[in-house]
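Per-entry structural report
For reference, the chains in residue letters:
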Amino acid sequence: HGVFPPDGTCSVGCIAPYAGTPTTFYCYNLDDGFVGVAPDCTSTTTTTTVSTTTTTTSTTTPIPGTCYPPVLGQDVDTSDCSGKYPPHDTCTVSCASGYVGDPVVYYCVDLDQNFIGSGPACTSTTITTTITMTSTTVTSSTSTTTTTSTTT
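Residues numbered from 1 in each chain as written. Predicted model: local features only at pLDDT ≥ 70, side-chain atom pairs only at ≥ 80, totals over all residues. Heavy atoms only, no water.

Remarks on the pattern of salt bridges
For the coordinates displayed, the defined rule picks out one salt bridge. D80 is the partner of K84 in a salt bridge, and the nearest nitrogen-oxygen pair spans 4.0 Å. Judged by relative accessible area, K84 falls into the buried class, the value being 18%. Here D80 falls in the partly exposed class, since its relative accessible area comes to 34%. (Salt bridge = Lys/Arg side-chain N within 4 Å of Asp/Glu carboxyl O. Buried < 20%, exposed > 50% of the residue type's maximum accessible area, 1.4 Å probe, protein only.)

Spelled out as structure tokens, the structure:
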């Protein structure tokens, strides 16, 4: 049996390796579909690199009937792509903090293809400077010799 309006509800939770409190979605009518706020799912795994940078990734399962946000890498911000419905919704994909580049538009075409778009081309704003220092120490010493002669 299914979930039918106007009293239909379903619980939406996080899948492993994510954790969070499940939320309830409501089906008031067929036009609006399911309505609710997605749970806040946080990764239960942490990745640490040799340079002591810690990266934690969290994702949220999209609202039923919406396109999955594109996964484009750490240099890109796709946060505007959540909760978008096909076939006419769009989102702006821009460069993440620490990167620069022109934002681009992605199109939520359908639930099979999800979003279609290309880019953006993001360049890091981090500048790496290498400084090499050389130190030289010179030690000098002086020695004195005294000679005494006696004649008798």
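Concerning the sheet that holds strand β8 (residues 76–77)
Sheet strands pair by backbone hydrogen bonding; their relative direction is either parallel or antiparallel. As summarised here, the arrangement of the four strands in space is β8-β9-β11-β12, forming an open sheet in which the pairing is antiparallel. Every interior strand has two partners, whereas the edge strands, β8 and β12 (114–116), have only one. By the bridge criterion, four bridges tie strand β9 (residues 90–95) to strand β11 (residues 104–110) in an arrangement that is antiparallel. Within β11, the position partnered with T90 by the bridge is Y107. (Pairing = 2+ DSSP bridges. Helix = DSSP H or I, 4+ residues; strand = E, 2+ residues; numbered from the N terminus.)

Here we look at a nonpolar patch on the surface
On the surface, Y26, Y28 and V35 cluster together into a nonpolar patch covering about 280 Å² of accessible area. Examined against the element boundaries, Y26 turns out to sit in strand β3 (residues 23–27). (Patch = residues over 30% accessible without salt bridge, like charges linked within 9 Å, V, L, I, M, F, W, Y side chains within 5 Å. Areas by Shrake-Rupley, 256 points an atom, 1.4 Å probe, with all protein chains shown as cover.)

Some details on the sheet that holds strand β4 (residues 34–35)
Within the open sheet, the three strands sit side by side as β1-β3-β4. Their pairing is antiparallel. Where the open sheet ends on each side, the last strands, each with one partner, are β1 (8–12) and β4.

Section: the nonpolar core
Residues C67, V76, C81, C91, V93, C95, Y106, C108, F115 and C122 constitute the largest nonpolar core, which totals ten residues. Contributions of two or more residues to this core are made by β9 and β11. By residue number, the principal contributor to this core is β9, which donates three residues. If sequence neighbours within four positions are ignored, C67 has contacts with P62, C81, K84, P86, C108, V109, D110, L111, N114 and F115. (Core = buried A, V, L, I, M, F, W, Y, C linked by side-chain atoms within 4.5 Å. Contact = heavy atoms within 4.5 Å.)

Some details on the pairing of β9
Pairing of β8 with β9, which is carried by two bridges, proceeds in the antiparallel orientation. Along β9, the bridge assignment pairs V76 with C95.

Focus: the environment of S118
Within the secondary structure, S118 is located in the loop between β12 and β13 (123–124). A residue is classified by how much of its surface remains accessible, and S118, at 61% relative accessible area, is exposed. Distance from S118 to V104, taken between C-alpha atoms, is 7.4 Å for residues 14 residues apart in sequence. Ignoring anything within four residues of it in the chain, the contact list for S118 reads V104 and Y106.

Quick look at the side chain of N114
Mapped onto the elements, N114 comes out in strand β12. When its relative accessible area of 15% is taken as the criterion, N114 is described as buried. Looking at N114, its side chain comes within polar contact range of the main-chain nitrogen of Y68, at 2.9 Å. Aside from chain neighbours lying at most four places away, what touches N114 is C67, Y68, Y107, C108 and V109. (Polar contact = N/O pair within 3.5 Å; in protein donor to acceptor, adjacent residues only side chain to side chain.)

Observations regarding the state of the cysteines
Applying the stated criterion to the full structure yields four disulfides. Between the sulfur of C67 and that of C108 lies a disulfide, 1.9 Å long from S to S. As the torsion about the S-S bond is roughly 85°, the C67-C108 disulfide counts as right-handed. Here C67, found in the loop between β7 (54–55) and β8, pairs with C108, found in strand β11; they are 41 residues apart in sequence, far enough to count as distant. Classification of C67 as buried rests on a relative accessible area of 0%. On the basis of relative accessibility, which here comes to 0%, the residue C108 falls in the buried class. A disulfide bridge connects C81 with C91, and the sulfur atoms are separated by 1.9 Å. The S-S bond linking C81 to C91 shows a torsion near 70°; that makes this disulfide right-handed. Note that C81 is positioned in the loop between β8 and β9 and C91 in strand β9, a separation of ten residues in sequence. C91 matches C81 in its accessibility class, with the two residues each being buried. (Disulfide = S-S within 2.5 Å.)

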